[in-house]
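Each chain is listed here by its residues.
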Amino acid sequence: MLTHLDNNQIETLEDRKRIALINSLSGFKSLNLIGTVNRQDQTNLAIFNSVVHIGANPPLMGFVSRPDSVEKHTIENIRQTSYYTINHVNKDIFEQAHQTSARYKRDESEFDATGLTMEYKNNFPAPFVSESNIQIGLELREIISVKTNNTLLVIGEINHLQFPSDIWEESGILDIEKAGSVTGSSLDGYHTTQLITRLKYAKP
């Protein structure tokens with residue numbers, strides 16, 4: 001038995017069911033905590049499942065921020081300071097990471113609310129998550145408005161990168177399974193992964 005939905009049927013689904021369905025269609029996603037601070041030294045930490053590779057030279061990463069129709073502390077802080085961190089979610093902290101999706105007040109830090117450890121280092125102005133094994137410090141390069149649904153594609157350049165030495169393979173790849181990184185599905189699924197194999201660079 002198969003289920004078929006056309007665009008009209010998708011549109012008439014109950015809101016939460018439609019959001020869960022559409023969010024799950026793109027498959028397994030990376031899970032990251034984005035750390036920011038504003039000019040008043042109020043810190044913020046939020047989980048994102050939309051972080052993507054943009055390019056390697058210069059080293060760029062992007063993530064999607066939802067519309068500005070309600071308070072979005074992460075994007076507001078980045079606009080103020082131009083700096084933020086991306087921290088891999090791992091098996092030890094995924095429950096705390098999930099809790100950062102709650103709507104805390106601006107003056108209530110998710111670091112304090114979840115018990116995750118805020119860490120400043122290497123003279124970088126935004127806070128890292130100490131418990132994360134792969135930590136990335138970025139400087140804002142561009143914010144692109146997606147007119148279709150008023151979301152924002154935020155693009156940053158990697159300024160700092162820290163990870164355990166033993167997960168860096170000779171080829172240059174990071175063994176993110178060895179780092180304990182987890183992946184997500186829809187808005188509430190958390191998964192570990194298992195590498196099948198690595199294939200050679202494809203040529204005609």
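Under an unreviewed UniProt entry, the name given to the chain is Flavin oxidoreductase, and the organism recorded is Chryseobacterium viscerum. The UniProt entry for the chain carries this comment under Sequence similarities (unreviewed entry): "Belongs to the flavoredoxin family." According to the UniProt record, the Cofactor (unreviewed entry) comment for the chain is "FMN".

Draft legend 1. Expanded view of the overall build of the chain. Looking only at helices and strands, one finds five helices and 12 strands in the chain. Referenced to the eigenvectors of the C-alpha coordinate spread, the extents of the chain come out at roughly 55 × 50 × 30 Å. The proportion of buried residues among the 204 residues of the chain is 37%. A separation of at least 24 residues holds for 60% of the contacts in the chain among residues at least 6 apart in sequence. In the structure as shown, the chain presents an accessible area of about 13,000 Å², 50% of it carried by carbon and sulfur atoms.

Draft legend 2. A look at the sheet that holds strand S12 (residues 189-191). Read from one edge to the other, the open sheet built from three strands follows the order S1-S11-S12, with strand pairing classed as antiparallel. The sheet is open, and its two edges are formed by strand S1 (29-30) and S12, each paired on a single side. Pairing between strand S11 (residues 183-185) and S12: three bridges, direction antiparallel. Note on S12: the bridge partner recorded for Thr 183 is His 191.

Draft legend 3. Structural detail: the nonpolar core. In this structure, Phe 63, Tyr 84 and Ile 86 are the most contacted members of the largest nonpolar core, which totals 19 residues. Elements with a minimum of two residues in this core: strand S3 (43-48), strand S5 (59-65), helix H3 (73-81), strand S6 (83-88), strand S9 (135-146) and strand S10 (151-162). The element contributing the most residues to this core is S9, with three residues. Sequence-distant contacts of Phe 63, defined by excluding residues within four places in its chain, comprise Ile 34, Phe 48, Ser 50, Val 51, Thr 74, Ile 78, Tyr 84, Leu 152, Leu 153 and Val 154.

Draft legend 4. Structural view of the packing of aromatic side chains. Tallied over the entire structure, the rule returns six aromatic pairs. With 5.8 Å between their ring centres and 70° between their planes, Phe 63 and Tyr 84 make a pair best called edge-to-face. One end of the pair, Phe 63, is in strand S5; the other, Tyr 84, is in strand S6, with 21 residues separating them in the sequence. The two residues Phe 63 and Tyr 84 agree in class, both being buried. Taking the centre distance of 5.6 Å and the plane angle of 45° together, the rings of Phe 124 and Phe 128 count as tilted.

Draft legend 5. Focus on unusual backbone geometry. Going from Asn 57 to Pro 58, the amide bond is cis rather than trans, its omega being 0°. Its location among the elements puts Pro 58 in the loop between strand S4 (52-56) and S5. Residues other than glycine seldom take positive phi values, yet Ser 82 does so here, at roughly 75°. Along the chain, the position of Ser 82 falls in the loop between H3 and S6. With a relative accessible area of 26%, Ser 82 lands in the partly exposed category.

Draft legend 6. Spatial organisation of the pairing of S3. Most of S3 is tucked away, with six of its six residues classed as buried. Side chains Thr 43, Leu 45 and Ile 47 project from S3 onto one buried face, and the interleaved Asn 44, Ala 46 and Phe 48 project onto a second face that is buried too. Judged from the six bridges that link them, strand S2 (residues 32-37) and S3 form a sheet pairing that is antiparallel. Along S3, the bridge assignment pairs Val 37 with Thr 43. The antiparallel hairpin formed by S2 and S3 contains five residues in its connecting segment, where Asp 41 sits at a positive phi of about 65°.

Conventions and cut-offs
- Residues numbered from 1 in each chain as written.
- Predicted model: local features only at pLDDT ≥ 70, side-chain atom pairs only at ≥ 80, totals over all residues.
- Heavy atoms only, no water.
- UniProt positions renumbered as here; feature names shortened; annotations may be inferred.
- Helix = DSSP H or I, 4+ residues; strand = E, 2+ residues; numbered from the N terminus.
- Buried < 20%, exposed > 50% of the residue type's maximum accessible area, 1.4 Å probe, protein only.
- Contact = heavy atoms within 4.5 Å.
- Areas by Shrake-Rupley, 256 points an atom, 1.4 Å probe, with all protein chains shown as cover.
- Pairing = 2+ DSSP bridges.
- Core = buried A, V, L, I, M, F, W, Y, C linked by side-chain atoms within 4.5 Å.
- Phe/Tyr/Trp six-rings, centres within 6.5 Å; stacked < 30°, edge-to-face > 60°.

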